[in-house]
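Spelled out from the first residue to the last, the chains are:
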Amino acid sequence: MVHSEVMVRDYRGDDLPGILALYRSAPNGTVSFARDQAFLQYFIEKQGSALVALTGNCVTGIAIVSIAEEGDLRQGNIIELKAQEKSSLEALVKAAADHCVNHGVDVLSVVPPEHLNPGNV
């Protein structure tokens, strides 16, 4: 079986059903509050930029990046990060970091998903 490469691009409205399916497929035992259509649309449209990982035509991850300024500090935050597997996660974190660098961010913070070993993120 040949695996397709992960591609990361900006979110488009037609990605939403795939993103919702990604959240519904969360493994049992993952503790979090529900992400529904209204929640995701609010954060994507009002809080920052959204990046989507795709393998073929299938959504395999999402990262929502918010950039805030406080005084002279410009901080990027990955406020939402969800991926089906490690390669999508890595591609999203790299793309989010590149996005922040391109927007003159001084520091980037992220809270990795709970089910991952923080040492691997």
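Residues numbered from 1 in each chain as written. Predicted model: local features only at pLDDT ≥ 70, side-chain atom pairs only at ≥ 80, totals over all residues. Heavy atoms only, no water.

Caption draft 1: Quick peek at the nonpolar core. Among the nonpolar cores identified, the biggest contains 15 residues, and Y11, I19, L40, I44, V52 and I62 are the most heavily contacted of them. Within the residue set of this core, elements represented by two or more residues are α1 (16-24), α2 (37-47), β2 (49-55) and β3 (58-70). No other element matches α1, which puts 5 residues into this core. If sequence neighbours within four positions are ignored, I44 has contacts with Y11, A50, I62 and I64. Counting residues in hydrophobic clusters, the runner-up holds 13 residues, among them L51, A53, A96 and V105. (Core = buried A, V, L, I, M, F, W, Y, C linked by side-chain atoms within 4.5 Å. Buried < 20%, exposed > 50% of the residue type's maximum accessible area, 1.4 Å probe, protein only. Helix = DSSP H or I, 4+ residues; strand = E, 2+ residues; numbered from the N terminus. Contact = heavy atoms within 4.5 Å.)

Caption draft 2: Inspection of α1 at higher detail. Taken residue by residue, α1 has L16, I19, L20, L22 and Y23 as its buried positions. Buried positions in α1, seen along its axis, are confined to an arc of 155 degrees and lie on one side of it. Exposed and facing more than 90 degrees away from the buried side of α1 are P17 and R24. (Arc of directions from axis to C-beta.)

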